[in-house]
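Breakdown of the fold
Spelled out, the chains give:
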Amino acid sequence: MSSEMVPAIVETSNVERKQDLGEDQEESQKLRLDEKFEPISKRQMKKLIKQKQWEEQRELRKQKRKEKRKRKQLERQCQLESNSDGNDRKRIRRDVVRSTLRLIIDCSFDSLMVLKDIKKLHKQIQRCYAENRRALHPVQFYLTSHGGQLKKNMDENDKGWVNWKDIHIKPEHYIEFIKKEDLIYLTSDSPNVLKELDESKAYVIGGLVDHNHQKGLTYKQASDHGIDHAQLPLGNFVKMNSRKVLAVNHVFEIILEYLQTRDWQEAFFTVLPQRKGAVPTDKTCESSLHDKTSARVEGGLDSDSSEEESSRNELDPPHEEEKQDKENSTESTVHSTP
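Here the structure is a predicted model, which means the values were calculated and not measured.

Looking at unusual backbone geometry
Although it is not a glycine, Asp 166 adopts a positive phi angle of roughly 55°. The class of Asp 166 is partly exposed, set by a relative accessible area of 34%. Non-glycine residue Arg 262 carries a positive phi angle of around 55°. Structurally, the position occupied by Arg 262 is in the loop between helix 9 (248-261) and helix 10 (264-271). Residue Arg 262 is classed as partly exposed on the basis of its relative accessible area of 42%.

See the structure below:
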């Protein structure tokens, strides 16, 4: 082999090595690129698209915010103009005359209720609070024996209750800070019927949702504490097709309405739900026998309604006297037989 051929072979081998090195570098670079830019998932792709849309619509969002500010300014101007007509709520609130009557919801029955009924009671209390805030003659509202399941439910589902205004929420029993002679317990089992409200008194509503399982409980508590008791004069003004049991908020609203109108019948028919089928007593043509029969029916109408499954606070007393009369007559018949 000649000396001229050797350098040529060396150069050729060097060129081949360079080509091989170049190919290896390209492959390694491709692998690095593949590692660096892994294929993205559909979810990641959606996120990238949303991000891009968000950035593209930035100016549009600014424009919408400007329009919203202008709209609110126009609404405020309209409200200011309506003030001159005297129809706005703030002007109406100036005419409020607060009553000295104290209205208490007694929450001492907490342990007798399941959580489902506790939640219903909570909603009824919320309604009472809202109605009292809107009333032209708001009462001195008390929530007593506040604790247990009720407080826990309010803490979890209605944390704003701690900021409620015009209400006295106390963990103590009402007997601890109100004189006995000032108290009147509203219970359907009482033989006493209210004729009018005495605004120097404190009226107690039993905070109990019991589906009529705890009959006579509020009456027993009033008797045990030596407290006066009475029922609202519902039977004197109203005939109802359904059972005569009202919710806590119904009793509360009836009292608020009476303080404004001083008319029991108007108060009852303003508050009672239409499903009760209530009609004035002077417009009914039912016989007294039918009245007694319908009054005994503690039927299952609306048995799941939170407004109806409530405390036995203020309605006609149960017909225990009639049952006693029947038992007495039965006993006398047995004794008289030879």
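Some points on the UniProt feature "active site" (unreviewed entry) in the chain
Here the UniProt-annotated "active site" (unreviewed entry) positions come out as Asp 210. Locating Asp 210 in the fold gives a position in the loop between strand 5 (202-206) and helix 7 (217-224). Residue Asp 210 is classed as buried on the basis of its relative accessible area of 4%.

Describing the environment of Val 279
Topologically, Val 279 is positioned in strand 8 (residues 279-280). Exposure remark for Val 279: the relative accessible area of 36% places this residue in the partly exposed category.

A closer look at the pairing of strand 4 (residues 183-186)
On strand 4, burial covers both faces: Leu 183 and Tyr 185 on one face and Ile 184 and Leu 186 on the other are all buried. As judged from the four bridges shared by strand 4 and strand 5, these two strands associate in the parallel manner. Note on strand 5: the bridge partner recorded for Leu 186 is Ile 205.

Section: the confidence of the model for the chain
Detailed reading of predicted coordinates is not advised where the pLDDT is low. In this model, the chain carries a mean pLDDT of 76, and residues with pLDDT of at least 70 account for 64%. The low-confidence segment residues 284-312 (pLDDT under 50) makes 72 contacts with residues lying over four places distant or belonging to another chain.

Some remarks on the packing of helix 5 (residues 115-134) against helix 9
Contact geometry of helix 5 with helix 9 gives a least axis separation of 8 Å together with a crossing angle of 15°. By the criterion of interaxial angle, the relationship of helix 5 to helix 9 is roughly parallel. Relative to helix 9, the crossing made by helix 5 is right-handed. Touching Leu 121, Gln 124, Arg 127, Cys 128, Glu 131 and Asn 132 of helix 5 are Val 248, Asn 249, Phe 252, Glu 253 and Leu 256, all from helix 9. Class assignment of the residues belonging to the contact of helix 5 with helix 9 gives a composition of five nonpolar, three polar and three charged.

Topic: the sheet that holds strand 3 (residues 167-169)
One key point about sheets: their strands pair by backbone hydrogen bonds, in either a parallel or an antiparallel sense. Strand order in the open sheet made by the six strands is 3-2-1-5-4-6, with parallel pairing throughout. The open sheet has two edge strands, strand 3 and strand 6 (228-230), and neither has a second partner. Taken pair by pair, the neighbouring strands of this sheet meet at an average axis angle of 25°, ignoring direction. Here helix 5 sits on the sheet in contact with strand 1 (102-106), strand 2 (140-144) and strand 3, set at roughly 160° to strand 2.

The rules behind the values
- Residues numbered from 1 in each chain as written.
- Predicted model: local features only at pLDDT ≥ 70, side-chain atom pairs only at ≥ 80, totals over all residues.
- Heavy atoms only, no water.
- Buried < 20%, exposed > 50% of the residue type's maximum accessible area, 1.4 Å probe, protein only.
- Helix = DSSP H or I, 4+ residues; strand = E, 2+ residues; numbered from the N terminus.
- UniProt positions renumbered as here; feature names shortened; annotations may be inferred.
- Pairing = 2+ DSSP bridges.
- pLDDT = per-residue confidence, 0-100.
- Contact = heavy atoms within 4.5 Å.
- Axes fitted to C-alpha atoms, helices over the stretch in contact; angles between N-to-C directions.
- Parallel < 35°, antiparallel > 145°, perpendicular 65-115°, else oblique.
- Left-handed = near helix turned anticlockwise from the far one by under 90°.
- Nonpolar A, V, L, I, M, F, W, Y, C, P; charged D, E, K, R; others polar.

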